Amino acid sequence: AVIADSGAEVAVAFRTLDGRDEVLIDPDKPFHAASTMKVPVMIELFRQAEAGVLALDEPLPIRNEFRSIVDGSPYALSVGDDSDREVYANVGGTMTLRQLNEAMITVSSNFATNLLIERLDVEKIRATVSTLGGEGMKVLRGVEDQKAFDKGLNNETTARALLVLLERIAKGAAVSKASDAEMIEVLKRQKFRDAIPAGVPPGVAVAHKTGSITRIQHDAGVVYGPRPYTLVVLVRGIQDGKRAQALIAQISKTVWTNLSAH
């Protein structure tokens, strides 16, 4: 009823970590992933660290030049279009992979994301997503590749794919118990809290990742209530971002209230 009243396209995937309760609404409908695709980038970073391919505290040179997947032509990111200034302030210097991951998740830095994708290899990110059973998450490229966007070559996700990936992390089954616990702590430090966290009581920990572009607003996370659960809400078709966030918060509150009632 909440979704119908909104007039938007909405997909919901909810499941308690104990597996006893779930609600799936259009769970396999593809949406532009926006910044939710940063979750599989983080998983692959920790997977490679666990495998000894890289170290989380190794420094990476910060340079603002990336290559379009369409024709290899260079493009740069604009600080005005991003949600983070720290990485831009370090151009010409270095930051550690751990610092870049923190910026990518907690303030959704596009610059940090592109640097990490380049370091990790997008093919390896895709392979790990597939291994974990998150096939609806399709990571094609970094952020702000305008030529790719113009050709419709976008990162996509489904609600089910994000549910699977977040459940894996929450259960210590994505990389390892220690790595997954660290990823949950990073997700808990998320700075944008107007969607899923706004629908649960103050003080309840939510490990989550948001995503937004024009007419797209998503939130996907693990809510650590008395019975912890994973909730993914993907919204398409609302121009006003605040209204879309309020819709996600309303759905989040509905889930919390109904779960608390039994």
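These lines cover the structure that appears in this document, whether it is placed above or below.

Analysis parameters
Residues numbered from 1 in each chain as written. Predicted model: local features only at pLDDT ≥ 70, side-chain atom pairs only at ≥ 80, totals over all residues. Heavy atoms only, no water. 1 Å grid on protein atoms, 1.4 Å probe; cavity = no way out; pocket = protein on both sides within 12 Å on 5 of 7 lines; lining within 4 Å. Points joined across faces, edges and corners; volume = space filled by probe spheres on them. Helix = DSSP H or I, 4+ residues; strand = E, 2+ residues; numbered from the N terminus. Nonpolar A, V, L, I, M, F, W, Y, C, P; charged D, E, K, R; others polar. Phe/Tyr/Trp six-rings, centres within 6.5 Å; stacked < 30°, edge-to-face > 60°. Buried < 20%, exposed > 50% of the residue type's maximum accessible area, 1.4 Å probe, protein only. Core = buried A, V, L, I, M, F, W, Y, C linked by side-chain atoms within 4.5 Å. Contact = heavy atoms within 4.5 Å. Lys, Arg positive; Asp, Glu negative; His and termini not counted. Salt bridge = Lys/Arg side-chain N within 4 Å of Asp/Glu carboxyl O. Polar contact = N/O pair within 3.5 Å; in protein donor to acceptor, adjacent residues only side chain to side chain.

A look at the layout of surface pockets
Thought 1: Considering only enclosed or pocket space, the largest pocket measures out at about 780 Å³ in volume.
Thought 2: As for the largest pocket, its lining consists of 31 residues, and the residues nearest its centre are S35, N110, V143, S212 and I213.
Thought 3: Per element, the largest residue contribution to the lining of the largest pocket is five residues, and it comes from strand β9 (residues 206-213).
Thought 4: Forming the walls of the second largest pocket are 15 residues, and the residues nearest its centre are V23, I25, I251, T254 and V255.
Thought 5: Looking at the lining of the second largest pocket, the elements with two or more residues in it are α1 (2-6), β1 (9-16), β2 (22-25) and α10 (241-260).
Thought 6: With five residues, the top contributor of residues to the lining of the second largest pocket is α10.
Thought 7: Here the lining of the second largest pocket is composed, by residue class, of ten nonpolar, three polar and two charged.

As for the packing of aromatic side chains
Thought 1: On inspection of all chains with the given rule, the structure shows four aromatic pairs.
Thought 2: Taken together, a centroid distance of 6.1 Å and an interplanar angle of 45° make the contact between F66 and Y75 tilted. In this pair, the class of F66 matches that of Y75, namely buried.
Thought 3: For the ring pair F66 and F111, a centre distance of 5.9 Å and an interplane angle of 90° mean the geometry is edge-to-face. Of this pair, F66 sits in strand β5 (residues 66-67) while F111 sits in helix α5 (residues 110-120), placing them 45 residues apart in sequence.
Thought 4: Residue F111 is classed as buried on the basis of its relative accessible area, which comes to 0%.

Focus on the nonpolar core
Thought 1: Formed by 57 residues in total, the largest nonpolar core has its most connected members in V87, L100 and M137.
Thought 2: Considering every element that reaches this core, the biggest residue donor is helix α8 (residues 159-170), with seven residues.
Thought 3: Not counting the four nearest positions on each side in its chain, M137 is found in contact with A33, T36, M37, P40, V129, E156, T157, A161, L162 and L165.

Observations regarding the side chain of D219
Thought 1: Turning to its location among the elements, D219 is positioned in strand β10 (residues 216-223).
Thought 2: Within the buried core, D219 has no salt-bridge partner, and the shortest N-O distance to an opposite charge, that of K209, equals 7.5 Å.
Thought 3: Here the side chain of D219 touches I196 through a polar contact of 2.9 Å, landing on its backbone nitrogen.
Thought 4: Side-chain polar atoms of D219 contact the side chain of H208, separated by 2.9 Å.
Thought 5: Apart from the residues within four sequence positions on either side, D219 is in contact with A195, I196, P197, H208, K209, T210, L231, V232, V233 and I248.

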